[in-house]
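# Structure at a glance
Here is what each chain is made of, one letter per residue.
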Amino acid sequence: MANIDWYRVENEGEVPSPALLVYPERIIRNLQRMVDIAGDVTRLRPHVKTHKLPELIGMQMSMGISRFKCATIAEAEMVAGSGGKDILLAHQPVGPNGVRLRFLMDRYPKVRWGAIVDNLDTMTTLGKIFADAPRKLAVYVDLDCGHHRTGVCPGEEAGELYRAIAHAPGLEAGGLHAYDGHNHEPDLKKRTELCDGDFAPVLALKETLASAGLMVPELIAGGTPTFPIHANYSDRTCSPGTTTLWDFGYMDGLSDMDFEYAAVLFSRVISRPGSQRVCFDLGHKAVSADKPEPRVRMFGLESAQSVVHSEEHLMMQCDHADDLKVGDGCYGVPVHICPTVALHDHAWVVQDGKAIGLWEIAARRRSLGV
């Protein structure tokens, strides 16, 4: 099979559309690239929100990665059930989620469990929930280093919160969590300058805590765009996520990062409504609509323009529309893979050019057992 058509499956007639396809050999190469950039598997705490797959956790563990970061209780439960040893819920547990996290600790007592907080009230509640737990909950102070989504600014308030965690029953100070998801600067040099500037107050806080005799066991820094930057500093744990599967949003925007597409959308032409127009069965329910158009880039139709994108349909206009007929299969990559994966119950596994089976995207659900 020609490399240009690496994504194509010989038995596409057996695959209902729309479908998500994953390519294990490409995933493994992406994982190895992550390890190479980090320099040591112990410096990685990859985010699982991109893939939500037990099989991919298994791949990472086979490479020596044992620490993970997740966004939901379901993802945390999926990782624990897949053998993860150290799991951080990087989403402040409010409402019943604190109790659900405690249930997971009771069910998996050998796992080191962690969570992030950015205020004293949440910390106090967690302290009560975990006061009689089989082991202490590792709590990290969530720092706002410029994203302005969650977290407390690195400074006196953050320091007071960290001190309170260190002395709270049922809790232990796990360290600091600083996500700079706002930094998508395409130029690596400029991205690095922004990253270093954003992290100066974080490092100052860490130094202040250390001077006060408070240990900071771990500084979890960044996501995917700043991963290669933080990897240059040995005092940080890196938690990239999209690097496992990749998408064309990052392929276009982060040209310095050498990852490859490892997940593809398979769609079929369901109508030819006029000259130079083609309609695919790739609506909002199959590819995430959280980004502006284009939301998917079709192989061989890269110049096509989206005309209408609705729940079940994707209407595109392209110069090669006359070459397509109703029923033809086409392949494409989403601009944002993470929420796209969450729209599918299963992923078809492609090996040696054939779709050979299904992987359940287990953690797309809000609840598994807890």
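Overview of the structure. (Residues numbered from 1 in each chain as written. Predicted model: local features only at pLDDT ≥ 70, side-chain atom pairs only at ≥ 80, totals over all residues. Heavy atoms only, no water.)

### Some words on the overall build of the protein chain
- Helix and strand content of the protein chain: ten helices and 16 strands.
- C-alpha atoms of the protein chain, sized along the principal axes, occupy 70 × 45 × 35 Å.
- Per-residue burial for the protein chain yields a buried fraction of 54% across its 370 residues.
- Partitioning the intrachain contacts of the protein chain with sequence separation of at least 6 by distance along the chain shows that 69% fall at a separation of at least 24.
- Total accessible area on the protein chain is roughly 15,600 Å²; 51% of this is exposed by carbon and sulfur atoms.
- Across the protein chain, the mean location of the 38 positive side-chain charges is 4 Å away from that of the 48 negative side-chain charges. (Helix = DSSP H or I, 4+ residues; strand = E, 2+ residues; numbered from the N terminus. Buried < 20%, exposed > 50% of the residue type's maximum accessible area, 1.4 Å probe, protein only. Contact = heavy atoms within 4.5 Å. Areas by Shrake-Rupley, 256 points an atom, 1.4 Å probe, with all protein chains shown as cover. Lys, Arg positive; Asp, Glu negative; His and termini not counted. Charge placed at Lys NZ, Arg CZ, Asp CG, Glu CD.)

### Quick look at the packing of aromatic side chains
- Tallied over the full model, the rule gives nine aromatic pairs.
- Summarising the aromatic geometry, the rings of Trp6 and Tyr23 are spaced 5.1 Å apart at their centres and angled 75° between planes, so their arrangement reads as edge-to-face. Of this pair, Trp6 sits in the segment before strand S1 (19-22) while Tyr23 sits in the loop between S1 and helix H1 (24-38), and the two are 17 residues apart along the sequence. Tyr23 carries the same exposure label as Trp6, and that label is buried.
- Relative to Tyr250, the ring of Trp246 lies with its centre 5.6 Å away and its plane at 40°, an arrangement referred to as tilted. There is no split in this pair, since Trp246 and Tyr250 are both buried.
- Put simply, the rings of Trp6, Tyr7, Tyr23, Tyr261, Phe266, Phe299 and Tyr331 touch in pairs and so form one group of aromatic residues.
- Its guanidinium or amino end placed over the ring of Trp6, Arg26 lies 3.5 Å from that ring's centre, counting from NZ or CZ.
- Positioned above the aromatic ring of Tyr233 is the side chain of Arg236, whose terminal nitrogen or guanidinium carbon lies 4.0 Å from the ring centre. (Phe/Tyr/Trp six-rings, centres within 6.5 Å; stacked < 30°, edge-to-face > 60°. Lys NZ or Arg CZ within 6 Å of the ring centre and 35° of its normal.)

### Here we look at the pairing of strand S3 (residues 86-89)
- The side-chain alternation of S3 yields two buried faces, one formed by Asp86 and Leu88 and the other by Ile87 and Leu89.
- A crossover links strand S2 (residues 67-70) with its parallel partner S3, the connecting element being helix H3 (residues 73-81), and its sense is right-handed.
- Once you follow S3 into helix H4 (residues 97-107) and on to strand S4 (residues 112-117), the crossover reads as right-handed. (Right-handed = clockwise from strand over helix to strand, strands pointing away.)

### So, the packing of H3 against H4
- Look at H3 against H4: their axes get within 11 Å of each other, and the N-to-C directions meet at 5°. By the angle between their axes, H3 is roughly parallel relative to H4. For the pair H3 and H4, contact is made by Ile73, Ala76 and Glu77 and by Asn97, Arg100, Leu101, Leu104 and Arg107, respectively.
- Per-class residue counts for the contact of H3 with H4 are four nonpolar, one polar and three charged. (Axes fitted to C-alpha atoms, helices over the stretch in contact; angles between N-to-C directions. Parallel < 35°, antiparallel > 145°, perpendicular 65-115°, else oblique. Nonpolar A, V, L, I, M, F, W, Y, C, P; charged D, E, K, R; others polar.)

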